[in-house]
Amino acid sequence: MANYASKVLKIAEAEVGYLEKKSNSNLDSKTGNAGYNNYTKYARDFDTNYPTFYNGKKNGFAWCDIFVDWCFVKAYGVEEALKLPKKSRKHLYQL
C-alpha cells in the first residue's frame, strides 16, 4: 500500500497549480483558459483513451474523482489501476 500511495502522490503533486478550464481549450496548460466549467485534461484523457472506463464522457462534469483515477492510471496503467481494491483507493482520498 505504501508503494502505491507514494507513486500516486508523486504524480498528484506534479499537478499542483492546474486550474480547471472554462472550455475544452488549452487543457494541457496549468493556468490557461481557467474557468469553472469543469473541463480538464484528466477527463479528456479518459474520454479519449479509455472511453468505456466510465458511463460516458466526463469532461464538463465535476472532476475530483477523475483526477484520482487519472493519477492511478498514470502510475500503474488502466488494467492495474482497476485491480487495486476500492478500500486502498478510498484510503488515498483521505491522505
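Residues numbered from 1 in each chain as written. Predicted model: local features only at pLDDT ≥ 70, side-chain atom pairs only at ≥ 80, totals over all residues. Heavy atoms only, no water.

Q: Sorry if this is basic, but what is going on with the packing of aromatic side chains here?
A: Under the definition given, this model contains 11 aromatic pairs. Each ring, one from Y42 and one from W70, has its centre 4.7 Å from the other, and the planes form 70 degrees; the classification is edge-to-face. With a gap of 28 residues between them, Y42 in helix α2 (residues 41–49) and W70 in helix α3 (residues 64–83) connect regions that are remote in the sequence. Of the residues examined, W70 reaches a relative accessible area of 7% and is grouped as buried. Taken together through their ring pairs, the aromatic side chains of Y18, Y42, W63, F67 and W70 make up a single cluster. Its guanidinium or amino end placed over the ring of Y18, K21 lies 4.4 Å from that ring's centre, counting from NZ or CZ. (Phe/Tyr/Trp six-rings, centres within 6.5 Å; stacked < 30°, edge-to-face > 60°. Helix = DSSP H or I, 4+ residues; strand = E, 2+ residues; numbered from the N terminus. Buried < 20%, exposed > 50% of the residue type's maximum accessible area, 1.4 Å probe, protein only. Lys NZ or Arg CZ within 6 Å of the ring centre and 35° of its normal.)

Q: Teacher, can you tell me more about the environment of V68 here?
A: Looking at the element boundaries, V68 is found in helix α3. In the structure, V68 is positioned 26 residues away from Y42 in sequence and 9.2 Å away in space, judged by C-alpha atoms.

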